[in-house]
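# Descriptive analysis of the structure
So the chains spell out like this:
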Amino acid sequence: MIEKLSKTFHEKFSAEPLIVRSPGRVNIIGEHTDYNNGFVLPAAIDKAIYIAASKRNDDEIHLHAVDFNEDFTCNLSYVKPSEQHWPNYILGIVDQLQKSGYSISGFNAVVDGDVPVGAGLSSSAAVECATAFALNELFDLKISKLEMVKMAQLSENVFAGLQCGIMDMFASMFGKPEHAIRLDCRSLEYDYIPLHLDKIKIVLFNTNVKHSLSSSEYNVRRQQCEQGVTWIKEHHPHINSLRDATLNLLDEFVLPKDKLIYKRCRFIVEEIQRLLSACENLKNNNIQALGEKMFRTHEGLSQEYEVSCKELDFLVNAVKNNPSVLGARMMGGGFGGCTINLVKEEAIDGLVEGLTASYQREMDFPLTTYIAQIENGTGIVK
Ligand code: GLA
């Protein structure tokens, strides 16, 4: 991949590039909790985006996407969302840099990678983090990793219109081999928890669907959570997010107002607690207990938070009573993408074979499988 990228870059721009790698992510548990100031438990994986970049002597941005075999060009003084879509994850970072007063000149960039797009593995966060890291390096901007993560999140909010939380970018930037990151999205403090998965692998089943609902419904969920907080805050002004809320507060101030919003908020408050005890399970090597929590999270995401879809539910139901699958759930924003499964090594081949056939039969759609290794976060490869 790196050689091919280097070659393409030389052919297009006749210059020696800096190459940065930024990975996709999984999330063990703690879904839709990041924008509620709760905790998340993501990890960076061995699928990544690579950006090759070099400075230019003018104010132009010249981009090329290997996957789409497309070019894009614009001037630094006129950076705005493009209908081509893929350049937006790069341009959004340029926009953030400019808004924060950093001065850069024009640059060339070629982007390639093996994070499947639309699979809920955060390929967009990976492009944003790779861009921020590469430009920081090229122009010696001295921006900290955390600042880059915040810029990447803002860039997604502004240039992709998704009011996402900070998890994906944080995981891509701060990943560490064989560890999950327990991130407190309120304080942004984090620690690394070793993933001692003895003879167990993280298997991702990609539904290969992305329903059009995904970003609009995501933004709606966010508003529903905020509405719940507003109702509590009328009586308890110090409550600023669902992280600060309790089930009792929800019962008292949200349930009488709106049952649907109550159901959404309750899932989040429970999910934050579930994540904290799942971290204890992980520390005590109790993968069985962690896995049971993952199944429960799926049920909540499907029935209470209502961000699943029939393809995801099918995949989780299919493994639910399989003793070789310790835990499974939909992962990420929802309405498509992957399920994450903790599977005993010796059972993987049989499971993949059976599920590939039954998914194709039931959904009339192909299933794709990845076994995720937990890897380093964003960094320079060349
Ligand atoms: C998407 C968002 C994240 C997070 C997850 C759900 O991946 O980008 O910020 O909210 O959904 O946990």
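Residues numbered from 1 in each chain as written. Predicted model: local features only at pLDDT ≥ 70, side-chain atom pairs only at ≥ 80, totals over all residues. Heavy atoms only, no water.

### Quick look at the overall build of the protein
The line we're drawing: Only runs of H or I of at least four residues qualify as helices and only runs of E of at least two qualify as strands under DSSP, and these elements are numbered from the N terminus. Contact criterion: two residues are considered in contact whenever any of their non-hydrogen atoms come within 4.5 Å of each other. In this description, accessible areas are obtained by the Shrake-Rupley approach with a 1.4 Å probe, and a residue is regarded as covered only by the protein chains that are shown. Positive charges come from Lys and Arg alone, negative charges from Asp and Glu alone, with His and the N- and C-terminal ends not counted. In plain terms, the charge of a residue is placed at NZ if it is Lys, CZ if Arg, CG if Asp and CD if Glu.
Helix and strand counts for the protein come out as 11 helices and 13 strands. Here the analysis covers contacts within the protein between residues at least 6 apart in sequence; of these, 71% occur between residues at least 24 apart. As presented, the protein carries roughly 15700 Å² of accessible surface, and 47% of it is formed by carbon and sulfur atoms. Between the centroid of the 38 positive side chains of the protein and the centroid of its 50 negative side chains there is a distance of 3 Å.

### Some words on the pairing of strand S7 (residues 179-184)
We apply this condition: Each residue is assigned to one of three classes by its accessible area relative to the maximum for its type, calculated with a 1.4 Å probe on protein chains only: buried under 20%, partly exposed between the two thresholds, exposed over 50%. When DSSP finds two or more bridges between two strands, those strands count as paired.
With 6 of 6 residues buried, S7 lies mostly within the body of the structure. Here S7 shows two buried faces, one formed by His179, Ile181 and Leu183 and the other by Ala180, Arg182 and Asp184. Direction of pairing for strand S2 (residues 39-40) relative to S7: antiparallel, over a ladder of 2 bridges. Paired with Val40 across the bridge in S7 is Leu183. Relative to strand S8 (residues 190-194), S7 is paired through 5 bridges, and the arrangement is antiparallel.

### Points about the pattern of salt bridges
Condition: Salt bridge, as used here: a side-chain nitrogen of Lys or Arg that lies within 4 Å of a carboxyl oxygen of Asp or Glu.
This structure, assessed with the given rule, holds 26 salt bridges. Where Arg296 meets Glu304, a salt bridge forms, and the shortest distance between an N and an O atom there is 3.1 Å. Taking the relative accessible area as the measure of exposure, Arg296 reaches 25% and is therefore partly exposed. Owing to a relative accessible area of 12%, Glu304 belongs among the buried residues under this scheme. Through salt bridges with shared partners, one network takes in Glu270, Arg296, Glu299, Glu304 and Lys320.

### Thoughts on the packing of aromatic side chains
What counts here: Only Phe, Tyr and Trp rings take part, Trp by its six-membered ring, and two of them pair if their centres are within 6.5 Å. Stacked means planes under 30 degrees apart, edge-to-face means over 60, and tilted covers everything else.
Tallying each qualifying case throughout the model produces 8 aromatic pairs. Summarising the aromatic geometry, the rings of Phe9 and Phe13 are spaced 5.0 Å apart at their centres and angled 55° between planes, so their arrangement reads as tilted. Residue Phe9 and its partner Phe13 are both found in helix H1 (residues 2-13); the two are separated by 4 residues, about one turn of the helix. In this pair, the class of Phe9 matches that of Phe13, namely buried.

### Section: H1
Heads up, the condition is: In this analysis, the expected span of each helix is defined as 1.5 Å times one less than the number of residues it contains. Here the arc refers to the directions that run from the helix axis out to each C-beta atom.
In a regular helix each residue adds 1.5 Å, so 12 residues correspond to 16 Å; H1 covers 16 Å between its end C-alpha atoms and thus fits that length. Residues Leu5, Ser6, Thr8, Phe9 and Phe13 constitute the buried set of H1. An end-on view of H1 places all buried positions within 165° of arc, on one side of the element. Seen from the open side of H1, the exposed residues pointing more than 90 degrees away from its buried face are Glu3, Lys7 and Glu11. Packing partners of the buried residues in H1 comprise strand S1 (18-27), strand S3 (42-55), strand S4 (60-65) and strand S6 (107-113). A positive phi of about 45° marks Ser14, the residue just after H1.

### Regarding the sheet that holds S1
Inclusion rule: Note on geometry: axes are C-alpha line fits, over the in-contact stretch for helices, and angles between N-to-C directions span 0 to 180 degrees.
Taking strand neighbours across the sheet as the criterion, the 6 strands line up as S5-S4-S6-S3-S1-S13 in an open arrangement whose pairing is mixed. Strands with a single pairing partner mark the edges of an open sheet, and in this sheet they are strand S5 (70-75) and strand S13 (379-380). Sheet topology places S4 next to S5; 6 bridges connect them, and they run antiparallel. If you follow Ile61 over to S5, its bridge partner there is Cys74. Across the sheet, helix H2 (residues 88-99) is in contact with S4, S5 and S6; its angle to S4 comes to roughly 150°.

### A look at helix H8 (residues 259-283)
Basically, it comes down to this: Polar contacts here mean pairs of N or O atoms no more than 3.5 Å apart (in protein, one a potential hydrogen donor and the other a potential acceptor; neighbouring residues in sequence count only if both atoms are side-chain atoms).
With 25 residues, H8 extends 36 Å between its outermost C-alpha atoms, agreeing within 8% with the 36 Å of an ideal straight helix rising 1.5 Å per residue. At the N-terminal boundary of H8, the capping side chain belongs to Asp258, with an oxygen 2.9 Å from the backbone nitrogen of Leu260. Positive phi shows up at Asn285, right after H8, with a value of about 65°.

### Looking at unusual backbone geometry
Although it is not a glycine, Leu188 sits at a positive phi angle of roughly 65°. On the basis of relative accessible area, Leu188 is assigned to the buried category, the value being 18%. Even without being glycine, Phe335 reaches a positive phi, approximately 60°. Along the chain, Phe335 falls in the loop between strand S10 (325-330) and strand S11 (336-344). Note on Phe335: relative accessible area 6%, which makes it buried.

### Here's the deal with the site of the ligand
Inclusion rule: One heavy atom suffices: a residue is near a molecule or strand as soon as one of its heavy atoms comes within 4 Å of it. In the scheme used here, Gly and all other residues not listed as nonpolar or charged are polar, with Ala, Val, Leu, Ile, Met, Phe, Trp, Tyr, Cys and Pro taken as nonpolar and Asp, Glu, Lys and Arg as charged.
The full set of residues close to the ligand is Arg25, Glu31, His32, Asp34, Tyr35, Cys164, Gly165, Met167, Asp168, Tyr218, Gly332 and Gly333. Within the side chain of Glu31, a nitrogen or oxygen atom sits 2.6 Å from an oxygen atom of the ligand. Within the side chain of Asp168, a nitrogen or oxygen atom sits 2.6 Å from an oxygen atom of the ligand. Contact with the protein chains covers 95% of the free accessible surface of the ligand, which is 310 Å². The class makeup of the residues in the shell around the ligand is 4 nonpolar, 4 polar and 4 charged.

### As for the sheet that holds S10
Spatial ordering of the open sheet is given by S10-S11-S9-S12, a layout of 4 strands whose pairing is antiparallel. Strands at the two margins of the open sheet, each flanked by one partner only, are S10 and strand S12 (368-372). Neighbour to neighbour, the strand axes of the sheet diverge by 20° on average, direction disregarded. In this structure, S10 lies alongside S11, joined through 5 bridges in antiparallel fashion. Of the residues in S11, the one forming a bridge with Ala328 is Asn341. Lying on the sheet, helix H9 (residues 287-304) is in contact with strand S9 (200-210), S10 and S11; it crosses S10 at an angle near 25°. Its contacts with the sheet put helix H11 (residues 348-363) on S9, S10, S11 and S12, and the angle it makes with S9 is roughly 15°.

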